[in-house]
Amino acid sequence: MVGGGTLAFVLVAGSLGAYLYYEHLNSNLNVIDTGSAGTGGFKKDQPINILVIGTDKRSGEGNEGYGDANSVGHADTTILFHVSKDRSNATALSIPRDLITTIPVCPTKQDGAVKDIPGQHAVRFNESLGQEGRDPGCTMRTVQQITGIQVDHFMMVDFNAVKNLSTAVGGVPVCVEKAVHDKDSKLDLPAGESRLQGEQALAFVRTRHAFGNASDLDRIKTQQQFLGSMMREMKSKETLTSPKKFLSLAEAATKSLSVDQGIGSIKQLTSLAGELKNINLKNITFTTLPVVDNPNDPPGKHITVVLNPSQADPLLRMIRGDVSLTEVEQKEKAAAQDAKNKQDAQLQGNRAPAGDVRVNVLNGGGPAGSASTTLTWLQNSKGVGKASNLGNAPVKVDTTQLEYAPNQADQARALADMMGLAGSALKVGPADAAPRTPMKLTLGADFKEPGVPISGPVPEQAPEGLQRVEADKAICAK
């Protein structure tokens, strides 16, 4: 929906550009103020992280009959869409709805005032939206806490988005290995290929009993296959050369979308679409945050899941390090390896005594109070008496960064050892610093707490056995 729906904005902007039509599309959008939950923007030379949320709220015409009609909705389908800094590739990371996690305290705007909704421990991830009055900003904050990745924007859709977008492109091709007759979702398909739109398209992405072992994890795979197929259909020649289709797409997308203020207009969405439109589908990979069955569930019951650190940690380091899950050109690999070698070389050499380390600490995305707690830890536990707390950084960052001058390298290496920083976190400047000038340590979204290593080296390959779906490949659900 991000890749194809925003493409429609580009097409509309390039072919119509009429003020009145822009105003009409603007009026279709539902804009939600999520405060400081996201960065609110994006830069040309930085990755973009968009949280796509599919809510199970039964709003919209024709959706009352799906059961639980009065539900305020949950974060039922959530995908963190990471677009690389060079815009050559993207990773779409699905977050399982039944993941047991911690939901942080969430400031939300209610009735004209900001209210802090208390956090919760050991609850399902899907409760980060709707429950207790939580807005999409709460889901954004929860995803950042889980992944260490700073979210820039969110796009939220309901059931009608699947029905309307699939209809707008004239149906989405799907393939199933065997005939499906699911009485719960009302999915009814023959074996082989079918083209789905409207209610049957929605039934395909909602079914939990037709494929695999009837778990939400298998439903996620089906949804990824469907979205990949929808992207292929949206970028097909038949769609690109049909004014009727892409106008229908623009209407369906804007009527189905709730977005944050940073992309709350057609102009802003068109700018975002311009950043996404040239990504080749072969370089878009869907994957799922690695999890295992929750050992605290009742014996024999597989109800919820918990993180699988052995696979999740390296995967998240790859995304934070802007490493693609798709195959890249050999020269790009060589350049990336050369850069990594140079980064690691910065950690080779002498270390300054802790008492000689001068550093200013800023919080650029860690938990609230991180700069203060880090300062106290450095001073009391590590003997870094020449450290200062400068509060919040002017901009948020995904990964923790230590900026220093060439003549401060011994201090930088000493602090990197204390903080557990990889070579990629060290940023050396061009000129030596004056005496008594402090280095600058900016704590990013990957920072948890003092004493916890912030990141290991960025893996060059995905963890073995990682689930993935390539957006350019058709797969039969089974």
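Remarks on the packing of aromatic side chains
(1) Moving on: In total, this model carries 2 aromatic pairs according to the counting rule given.
(2) Moving on: A ring pair is formed by Phe-204 and Phe-226, whose centres lie 6.0 Å apart and whose planes are at 40°; its orientation type is tilted. Highlighted residues: Phe-204 in helix H5 (residues 198–206) and Phe-226 in helix H6 (residues 216–234), separated in sequence by 22 residues.
(3) Moving on: Given a relative accessible area of 1%, Phe-226 falls into the buried group.
(4) Moving on: An aromatic cluster is defined as three or more aromatic residues linked by ring pairs; in this entry it consists of Phe-204, Phe-211 and Phe-226.

Quick notes on the pairing of strand E9 (residues 153–157)
(1) Moving on: Of all the 5 residues making up E9, 5 are buried; the element is thus mostly covered by neighbouring parts of the structure.
(2) Moving on: Relative to E9, strand E2 (residues 48–55) is paired through 5 bridges, and the arrangement is parallel. Bridging from a neighbouring strand, Ile-50 pairs with His-153 of E9.
(3) Moving on: Relative to strand E14 (residues 258–260), E9 runs antiparallel, the two being bridged by 2 bridges. Looking at the pairing, Met-156 lines up with Ser-258 of E14.

Brief notes about the environment of Val-359
(1) Moving on: With respect to the helices and strands, the residue Val-359 is situated in strand E18 (residues 358–363).
(2) Moving on: According to the relative accessible area criterion, Val-359 is buried, its value standing at 0%.
(3) Moving on: Along the sequence, Val-359 and Pro-438 sit 79 residues apart, while their C-alpha atoms lie 4.5 Å from each other.
(4) Moving on: When residues no more than four places from it in sequence are discounted, the contact partners of Val-359 are Leu-378, Lys-386, Ala-387, Ser-388, Leu-402, Leu-415, Pro-438, Met-439, Lys-440 and Leu-441.

Side note on helix H3 (residues 136–147)
(1) Moving on: Taking 1.5 Å of rise per residue, 12 residues should cover 16 Å, and H3 covers 16 Å from first to last C-alpha, within 8% of that figure.
(2) Moving on: Judged by how many residues are buried, H3 sits mostly within the fold: 11 of 12 residues are covered.
(3) Moving on: When H3 is considered as a whole, its buried residues turn out to be Pro-136, Gly-137, Cys-138, Thr-139, Met-140, Arg-141, Thr-142, Val-143, Gln-144, Ile-146 and Thr-147.
(4) Moving on: Its side-chain oxygen placed 2.9 Å from the backbone nitrogen of Gly-137, Asp-135 serves as the N-cap of H3.
(5) Moving on: The positive-phi residue at the C-terminal boundary of H3 is Gly-148, with phi of around 75°.

Criteria and thresholds
Residues numbered from 1 in each chain as written. Predicted model: local features only at pLDDT ≥ 70, side-chain atom pairs only at ≥ 80, totals over all residues. Heavy atoms only, no water. Phe/Tyr/Trp six-rings, centres within 6.5 Å; stacked < 30°, edge-to-face > 60°. Helix = DSSP H or I, 4+ residues; strand = E, 2+ residues; numbered from the N terminus. Buried < 20%, exposed > 50% of the residue type's maximum accessible area, 1.4 Å probe, protein only. Pairing = 2+ DSSP bridges. Contact = heavy atoms within 4.5 Å. Expected span 1.5 Å × (residues − 1). Polar contact = N/O pair within 3.5 Å; in protein donor to acceptor, adjacent residues only side chain to side chain.

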